[in-house]
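Topology and contacts: notes
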There are 2 protein chains.
Amino acid sequence: MKIAVDAMGGDYAPGVVVEGLTIALADFPDYDFVLVGHQAKLAFYLEKYGIADHPRVQVVHAETVCEMSEPSAISLRAKRNSSITVCAKLLKEKQVDAMVTPGHTGATVAATKVLVRTLPGVDRPALAASLPSQEGRFILMDAGANPDCTPVNLAQFAIMGEIYAQYLFKLDRPRVGLLSVGGEDIKGCELTKESFKLMDQLPINFVGNVEADVVFEGASDVLISDGFAGNVMLKGIEGLAKSTMFWLKRVLTKNALRLVGAMLAKNAFRELKAFGDADDVGGAPLLGINGICIIGHGSSSPKAVRNAIRVAGECVTFGLNDRIIAKINETHSTTAELEKKLAAEKQ
Amino acid sequence: MKIAVDAMGGDYAPGVVVEGLTIALADFPDYDFVLVGHQAKLAFYLEKYGIADHPRVQVVHAETVCEMSEPSAISLRAKRNSSITVCAKLLKEKQVDAMVTPGHTGATVAATKVLVRTLPGVDRPALAASLPSQEGRFILMDAGANPDCTPVNLAQFAIMGEIYAQYLFKLDRPRVGLLSVGGEDIKGCELTKESFKLMDQLPINFVGNVEADVVFEGASDVLISDGFAGNVMLKGIEGLAKSTMFWLKRVLTKNALRLVGAMLAKNAFRELKAFGDADDVGGAPLLGINGICIIGHGSSSPKAVRNAIRVAGECVTFGLNDRIIAKINETHSTTAELEKKLAAEKQ
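Nothing here was measured: the structure is a model prediction, and the numbers come from that model.

Observations regarding the pairing of strand β7 (residues 136-141) of chain B
All names here are of chain B. As paired strands, strand β6 (residues 129-133) and β7 are joined by five bridges and run antiparallel to one another. Its bridge partner being in β7, Ser-130 is matched across the sheet by Ile-139. Once β6 ends, the chain turns through two residues before running back antiparallel as β7. Sheet topology note: the β7/strand β10 (residues 222-224) ladder contains three bridges and is parallel. In the strand pairing of β10, Leu-140 is matched with Leu-223.

This is how it looks when you write it as structure tokens:
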């Protein structure tokens with residue numbers, strides 16, 4: 001098992017990434033690593049964490065970095081030698097089994113789409129974000145890789161999401177829902193109405209339309225959406241979570257009594273904040289590309305980097321991509337036929 | 001000024017609605033009311049709040065109710081005599097200047113679309129929800145009336161939203177943003193990319209693409225979206241807010257120390273909860289129909305009902321619809337020309 005790790009990605013690179021890698025080296029003695037980044041900038045941290053000449057770490061130089069603030073559209077063209085692009089090349093050439101980056105989501109999606117390409121039979125890759133629900137977590141996908149989607153794209157996301165949930169939640173038949181604006185079958189936009197008919201025919205545990213609010217109460221294990229609505233939902237709840245902490249601080253610091261109360265309960269607020277963290281999952285996989293790629297949050301902790309590496313390795317061992325290819329293949333005729341039928345009905 | 005009030009709408013009807021009306025009668029001595037609902041069921045509450053024979057309240061009987069749990073699709077056809085339909089009829093026939101319902105959003109949109117129709121020049125009405133930002137509020141529209149939209153629809157929503165924000169926030173030039181998946185101009189889906197070009201030409205204070213997270217930090221006063229993504233965002237943050245309260249309770253009741261802390265700060269949590277309430281605004285107007293229609297939350301309090309009535313009256317006095325007609329008219333040639341140009345470019 002060989003995993004490429006983008007050392008330059010994220011807000012606290014490369015220190016946090018090297019620290020995360022150091023934990024992974026101890027925890028996963030069977031994994032080999034290719035650490036991709038600016039060699040001169042990495043040297044200090046490799047020394048600091050005592051892995052400068054580690055037998056299982058090979059350092060590959062990457063001249064540039066995709067800064068988190070950069071537009072993703074220019075990254076691939078302008079930055080052929082960025083750490084993300086170098087990782088994607090290693091994945092493409094099968095020099096590694098998987099790649100992990102806590103870096104620029106847009107740039108990673110662009111680089112892997114172009115260089116690594118999709119799995120046989122898969123039209124579009126999708127970003128599978130993991131979000132907290134009241135009693136566990138659920139997967140939202142596509143969380144932003146494809147702003148415009150077709151019903152077949154969504155049907156394929158459903159298959160990929162089911163298989164990823166089988167791995168992540170250890171469920172045989174995870175419940176797959178379609179993000180929509182009403183619970184009833186006939187509700188939704190043109191895209192979801194057509195997608196509903198396709199998904200209803202697939203050999204998955206399809207639970208129908210799911211509204212964005214009930215999913216936090218555990219209405220489905222996987223929530224399927226186009227990348228526009230999915231990203232709006234993801235960003236919307238991220239923004240609200242951040243503002244809730246802002247409001248909470250404001251109301252709790254209004255007077256001395258409240259301040260004392262807040263201090264007594266301060267561990268509770270720490271725990272509340274942690275609900276939003278994806279540290280245990282480490283990041284969101286980009287499902288459907290011809291390789292395993294885990295994209296961590298820009299603000300990933302060392303623990304998150306370590307867990308993204310764990311998830312990457314486990315996805316390889318689980319045979320995630322082989323399972324996706326097999327099920328996409330198995331359902332191909334159903335999907336194609338139904339698509340033709342729906343197109344004919346429309347005319 | 002005459003306002004129709006749907007007495008049967010919402011989770012606590014008709015008691016809460018009659019109580020809200022009673023406050024409104026005292027606060028707005030110039031308003032006359034038509035209370036629409038089941039006469040026998042209303043009698044008790046009219047008696048209870050001492051407005052059984054109020055000179056400014058006329059009761060109009062409606063045999064049925066659209067229950068909140070009912071699919072909206074069947075409401076209009078099956079329920080010709082529901083309180084919502086009767087209100088819409090009164091608005092259509094200009095027997096009232098405005099209507100207020102804390103009832104079924106989908107059924108209200110359907111009934112007013114069909115019966116009251118849109119303003120001259122307006123293609124589609126849009127639901128304008130008001131949401132909290134860190135230092136104030138912002139308007140999200142369309143919050144769910146139109147799951148599928150065209151760029152011209154979104155451009156018209158921008159104009160209507162600007163005028164509503166001029167009234168609601170007392171701003172001369174409210175900042176109008178386009179909900180998208182990236183801040184840069186070129187990011188988004190097909191719909192938003194085309195809409196961006198149209199909105200950029202309008203005589204409004206257009207601030208470009210706005211992501212769903214920064215809007216809570218006050219990135220724009222009005223956030224324009226199709227009704228699918230808008231509803232996903234609205235429901236997503238409603239769901240998260242509810243679950244945050246669930247998680248907060250769970251972490252605060254874990255041990256005695258935290259419980260004491262929580263008790264000392266309990267007013268802070270009450271305040272936090274109130275951030276989400278739209279009680280001051282009373283509800284969301286359906287902008288673009290040929291009349292004023294305010295749709296309150298199903299769980300509206302008497303204060304919310306009273307404020308929905310206030311907003312309805314103020315929108316009439318402000319001349320909201322005349323201003324919308326004028327600006328839609330003024331920008332019609334710009335929009336139509338640009339639309340033609342964009343269509344030609346596509347071919």
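There's plenty left to go through after this.
Some details on the interface of chain B and chain A
Contact residues are listed per partner, giving 59 residues for chain B and 59 residues for chain A. Taken over both partners, the interface formed by chain B and chain A buries close to 5,200 Å², and the fraction arising from carbon and sulfur atoms is 69%. Where chain B touches chain A, the interface holds ten salt bridges. Lys235(B) serves as the salt-bridge partner of Glu211(A), at 2.4 Å between the closest nitrogen and oxygen. Our count for the chain B to chain A interface comes out at 16 residue pairs in polar contact (both at pLDDT 80 or more). Those elements that place two or more of their residues in the side of chain B that touches chain A are α3 (72-78), β6, α7 (190-201), α8 (227-252), α9 (256-264) and α10 (266-275) of chain B. In terms of residue count, the dominant contributor to the side of chain B that touches chain A is α8(B) (21 residues). Residues that form the side of chain B that touches chain A fall into these classes: 30 nonpolar, 14 polar and 15 charged.

Quick look at the side chain of Asn321(B)
All names here are of chain B. With respect to the helices and strands, the residue Asn-321 is situated in helix α12 (residues 320-346). From its side chain, Asn-321 meets the backbone oxygen of Gly-291 in a polar contact 3.3 Å long. Filtering out sequence-adjacent residues up to four positions away, Asn-321 remains in contact with Leu-119, Ile-289, Asn-290, Gly-291 and Ile-292.

Conventions used here
- Residues numbered from 1 in each chain as written.
- Chains lettered and ligands numbered in written order.
- Predicted model: local features only at pLDDT ≥ 70, side-chain atom pairs only at ≥ 80, totals over all residues.
- Heavy atoms only, no water.
- Pairing = 2+ DSSP bridges.
- Helix = DSSP H or I, 4+ residues; strand = E, 2+ residues; numbered from the N terminus.
- Contact = heavy atoms within 4.5 Å.
- Buried area = accessible area lost by both parts, 1.4 Å probe.
- Salt bridge = Lys/Arg side-chain N within 4 Å of Asp/Glu carboxyl O.
- Polar contact = N/O pair within 3.5 Å; in protein donor to acceptor, adjacent residues only side chain to side chain.
- Nonpolar A, V, L, I, M, F, W, Y, C, P; charged D, E, K, R; others polar.

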